[in-house]
Structure formats: structure tokens, C-alpha cells
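Structural description and commentary
Listed below, chain by chain, are the residues.
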Amino acid sequence: MSLIETARKVRENAYAPYSHFKVGAAVKAASGAVYGGCNVENVAYPEGTCAEAGAIAAMIAAGDTRITEVAVIADCPKPVSPCGGCRQKIAEFADGDVVVTLATTSGVIQTTTVAALLPDGFDQDHMRDA
């Protein structure tokens, strides 16, 4: 199953009773394993979890620590991009040249990179000599 198909499948399990905006994400780890996540809303906004954060949490829980590819899918007219917090989460575990595929359920696909999503992002170098 492709990374985008994994994201599409987990998106169906999203819990979005308030926004009705279901998102699915999948990350491929350096080991080759694929981890999926979906958004989980909570009536006490903003206490929900983004799909990308869920996929990353599943990856870390399984013992993998490096992302080599990302996919995000939602049912909207144009591909949806990860929020700022998720961009930072992705950058924590991925190099800047890692490809991020953004898709819609109707088949519109756009690709970018982690570096393009988060230019001049905060990283471990900022913590040196702190």
C-alpha cells in the first residue's frame, strides 16, 4: 500500500464531530515501516491531536526515530498543508529534503519538502550552548 493510501485509509477513522474535517497522515520511517495517524478532536479546543502528530507518535512508540517520507490527505478542494506545530514536529525527525506529499480525496496531489514547509525552522543547533 502506498503512503498516500495508508493516509487515506486512516483518515476514515478520524474523530472530527465538531469541524467535520477529517485528515489522515502517514510517515515512512528509515526502517521502511509506515505509520498512520488521523485527527482526533476534543470539545475543549485546542486539545485535539493532528493527524501528523498521531503518525509521528505511532512511529516513536514503535521505536523508529527518522522520517523519510510524509503524506497528508483531506477532503477539500486543494491539498491541505500541516499546521505550524506539525511542521515543527515533522522537522524534528526528518531532513529538509524529505518529500511531503499533500493530497485531496479527489486526487489532487502536490509535493513539497520539509525545508519548504518550515524554512529557517527551529532545530537542535539552536539549543547548543544554551
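Residues numbered from 1 in each chain as written. Predicted model: local features only at pLDDT ≥ 70, side-chain atom pairs only at ≥ 80, totals over all residues. Heavy atoms only, no water.

**Here's the deal with the overall build of the protein**
Secondary structure assignment for the protein yields 4 helices and 5 strands. Starting at the N terminus and walking to the C terminus, you meet the elements of the protein as α-β-β-α-β-α-β-β-α. Seen along its three principal axes, the alpha-carbon backbone of the protein occupies a region of about 45 × 35 × 30 Å. When the 130 residues of the protein are sorted by exposure, 38% land in the buried category. Taking contacts inside the protein between residues at least 6 apart in sequence as the whole, the part at least 24 apart equals 59%. (Helix = DSSP H or I, 4+ residues; strand = E, 2+ residues; numbered from the N terminus. Buried < 20%, exposed > 50% of the residue type's maximum accessible area, 1.4 Å probe, protein only. Contact = heavy atoms within 4.5 Å.)

**A word on helix 3 (residues 84–93)**
An α-helical turn contains 3.6 residues, so any two residues separated by three or four positions project in the same direction. Where helix 3 is concerned, the buried positions are Cys86, Ile90 and Phe93. Taken around the axis of helix 3, the buried residues stretch over an arc of 70°, which confines them to a single face. Buried residues along helix 3 sit in contact with helix 2 (51–62), strand 3 (67–74), strand 4 (94–104) and helix 4 (114–117). (Arc of directions from axis to C-beta.)

**With respect to the pairing of strand 3**
Counting buried positions along strand 3 yields 6 of 8 residues, so the element is predominantly enclosed. Relative to strand 3, strand 1 (residues 23–29) runs antiparallel, the two being bridged by 7 bridges. Within the sheet, the bridge partner assigned to Ala26 lies in strand 3 and is Ala71. Pairing of strand 3 with strand 4 involves 7 bridges; the strand directions are parallel. When the sheet's bridge partners are listed, Glu69 is paired in strand 4 with Val99. With helix 3 bridging strand 3 and the parallel strand 4, this β-α-β connection has right-handed handedness. (Pairing = 2+ DSSP bridges. Right-handed = clockwise from strand over helix to strand, strands pointing away.)

**Side note on the state of the cysteines**
As enumerated under the stated definition, the model contains 0 disulfides in all. The thiol of Cys83 is not disulfide-bonded; the next cysteine sulfur, from Cys86, is found 3.8 Å away. Judged by relative accessible area, Cys83 falls into the partly exposed class, the value being 37%. No disulfide involves Cys86; its sulfur sits 3.8 Å from that of Cys50, the nearest cysteine. (Disulfide = S-S within 2.5 Å.)

**A short note on the packing of aromatic side chains**
How two aromatic rings sit relative to each other is given by the distance of their centres and the angle of their planes. Applying the stated criterion to the full structure yields 1 aromatic pair. Judged by centre distance (6.3 Å) and plane angle (75°), the rings of Tyr18 and Tyr45 are edge-to-face. Of the two residues, Tyr18 sits in the loop between helix 1 (3–11) and strand 1 while Tyr45 sits in the loop between strand 2 (34–38) and helix 2, which places them 27 residues apart along the sequence. In this structure Tyr18 comes out as partly exposed when scored by relative accessible area, which is 39%. Overall, the relative accessible area of 54% leaves Tyr45 in the exposed class. (Phe/Tyr/Trp six-rings, centres within 6.5 Å; stacked < 30°, edge-to-face > 60°.)

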